[in-house]
Amino acid sequence: MEIIILPGAEDVAHTAADIIEERLRSGPSVLGLATGSTPLGTYRELIDRHRRDGLSFAAAQAFLLDEYVGLPASHPESYHSVIRREFTDSVDFPADAVHGLDGASYPAAEAARYDASISAAGGVDVQILGIGTDGHIGFNEPMSSLASRTRIKTLTGQTRRDNARFFAGLDEVPEHVLTQGLGTIRQARHLLLLGLGEAKADAVAAAVEGPVAAICPASALQLHPHVTVLLDTPAASKLAHTEYYHYTLGRKPAWQGF
Ligand code: GLP
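All of these numbers come straight from a predicted model, not from anything done at the bench.

Quick look at the overall build of the chain
Step number 1: The number of helices and strands found in the chain is eight helices and ten strands.
Step number 2: Overall size of the chain, expressed as C-alpha extent along the three principal axes, is 50 × 40 × 35 Å.
Step number 3: Expressed as a percentage of its 258 residues, the buried residues of the chain come to 53%.
Step number 4: Sequence-distant contacts in the chain: of pairs separated by 6 or more residues, those separated by 24 or more amount to 78%.
Step number 5: A distance of 3 Å separates the average location of the 21 positive side-chain charges in the chain from that of its 31 negative side-chain charges.

As for helix H7 (residues 201-209)
Step number 1: Three or more residues of H7 are buried, namely Ala 201, Ala 203, Val 204, Ala 205, Ala 207 and Val 208.
Step number 2: Those residues of H7 that are buried lie in contact with strand S1 (2-6), strand S10 (227-232) and helix H8 (242-250).

Topic: the sheet that holds strand S8 (residues 176-179)
Step number 1: The sheet built from three strands is open, its strands ordered S4-S8-S7 with antiparallel pairing. Both outer strands of the open sheet, strand S4 (66-68) and strand S7 (151-154), are each paired with one neighbouring strand and no more. The average angle at which neighbouring strand axes cross in this sheet is 30°, direction not considered.
Step number 2: Relative to S8, S4 runs antiparallel, the two being bridged by three bridges. In the strand pairing of S8, Glu 67 is matched with Leu 178.

Points about helix H3 (residues 79-86)
Step number 1: Residues Tyr 79, Ser 81, Val 82 and Ile 83 constitute the buried set of H3.
Step number 2: Summarising the contacts, the buried residues of H3 are in contact with strand S2 (29-33), helix H2 (40-53), strand S3 (60-64), S4, strand S5 (98-99) and helix H5 (157-163).

A closer look at the environment of Gly 132
Step number 1: Inspection of the secondary structure assignment puts Gly 132 in the loop between strand S6 (126-129) and S7.
Step number 2: For Gly 132, a relative accessible area of 6% corresponds to the buried category.
Step number 3: Distance from Gly 132 to Val 12, taken between C-alpha atoms, is 17 Å for residues 120 residues apart in sequence.
Step number 4: Apart from the residues within four sequence positions on either side, Gly 132 is in contact with Lys 200 and Ala 203.

Here's the deal with the site of the ligand
Step number 1: In the vicinity of the ligand there are 14 residues, among which Ser 37, Thr 38, Asp 66, Arg 165 and Lys 200 approach most closely.
Step number 2: Within the contact set of the ligand, an oxygen atom lies 2.5 Å away from a side-chain nitrogen or oxygen of Thr 38.
Step number 3: Note that an oxygen atom of the ligand is positioned 3.2 Å from one of the side-chain N or O atoms of His 136.
Step number 4: With the chains in place, 95% of the 390 Å² that the ligand exposes on its own is no longer accessible.
Step number 5: When the residues that make up the shell around the ligand are grouped by side-chain class, the tally is three nonpolar, eight polar and three charged.

Digging into unusual backbone geometry
Step number 1: Of note in the backbone geometry, Asp 96 takes a positive phi value of approximately 70° without being a glycine.
Step number 2: Here Asp 96 lies in the loop between H3 and S5.

Structural notes on the pairing of S1
Step number 1: With respect to burial, S1 is a largely interior element, four of its five residues being buried.
Step number 2: Bridge analysis of S1 against S10 gives five bridges, and the strand direction is parallel. Considered in S10, the bridge of Ile 4 is made with Leu 230.

What counts, and where the lines are drawn
- Per chain, the residues get numbers from 1 upward, laid out in the order the sequence is written.
- Totals for whole chains, interfaces and linings use all residues, but because this is a predicted model, local features are given only for residues with pLDDT of at least 70 and pairs of side-chain atoms are given and counted only at 80 or more.
- With hydrogens and water excluded, all non-hydrogen atoms of the structure serve as input to the side-chain values.
- We count a stretch as a helix when DSSP gives it H or I for four or more residues in a row; a strand needs E for two or more, and each element gets its number in order from the N terminus.
- The rule is simple: take the accessible area with a 1.4 Å probe, protein chains only, and divide by the maximum for that residue type; under 20% is buried, over 50% is exposed, in between is partly exposed.
- Residues count as neighbours in contact if any of their non-hydrogen atoms are within 4.5 Å of one another.
- Neither His nor the chain termini are counted; the positive set is Lys and Arg, and the negative set is Asp and Glu.
- Throughout, a charge is located at the NZ atom of Lys, the CZ atom of Arg, the CG atom of Asp or the CD atom of Glu.
- Here, strands pair whenever DSSP counts at least two bridges between them.
- An axis is simply a line fitted to the C-alpha atoms; with a helix, the fit covers only the stretch in contact. Between two such axes, the angle follows the N-to-C directions and lies from 0 to 180 degrees.
- We define proximity as follows: a residue is near a molecule or strand when any one of its heavy atoms falls within 4 Å of that partner.
- In the analysis that follows, any N or O atom pair within 3.5 Å is treated as a polar contact, provided that within protein one partner can donate a hydrogen and the other can accept it, and provided that, for residues neighboring in sequence, both atoms belong to side chains.
- To be clear on the numbers: accessible area is Shrake-Rupley with a 1.4 Å probe, and residue cover counts the displayed protein chains and nothing else.
- When residue character is reported, Ala, Val, Leu, Ile, Met, Phe, Trp, Tyr, Cys and Pro are called nonpolar, Asp, Glu, Lys and Arg charged, and the others, Gly included, polar.

Structure (structure tokens):
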């Protein structure tokens, strides 16, 4: 894992956008997109670069991480709607290049279809990830199998409360979701974990410096050969080895890139 601690959320968004831009400019790309508030700054930066510098997504495809079960795609808080509203409708992805899970389908069949469609696209080149306060990535709640594939999961009370801000009330937050599994996510070639704000500090510390354990699903990223962790200073505040992370970033060879 490469741990990059930056002063603020804008710096995280800028660096994440740099990594994605470099991938897009290198050829046809498959991006893995996360929802939630954390990547929104990155998406806004990518939209700006599209409008200002002509950064193009015309040769790219995108796969979402997860979806609520029971919400039709047309629901304003379905991840299908959110990612279009916040990002993909504002750039030039080709029609049908943004793939998501159908929360209204029979879950087992939909999960198998989705894993097969990611493989058919050649796999994900860069996967953006946020982290839940309980250490979840996608919607892989604590005790998710580290080898899991896309499947249905039951949300914890904490995640439903965390996400209630997007709905009219807690009762409207679905109890079930479809999510790429930890094994599915780990097949992406480059994982980009973003963490913003002090509320994420415990989860980030457990994921990065704790043991690899299903109790903290994001700790599964320690088993991946290419992970970049981009944190603002509050999200990094519970890490024990910040001095070393700053030291290595200061000595990063110019040719290396992320
Ligand atoms: C949601 C999403 C995750 C996201 C996480 C954190 O439940 N399924 O993909 O990373 O929660 O959300 P936020 O970035 O809003 O804190």
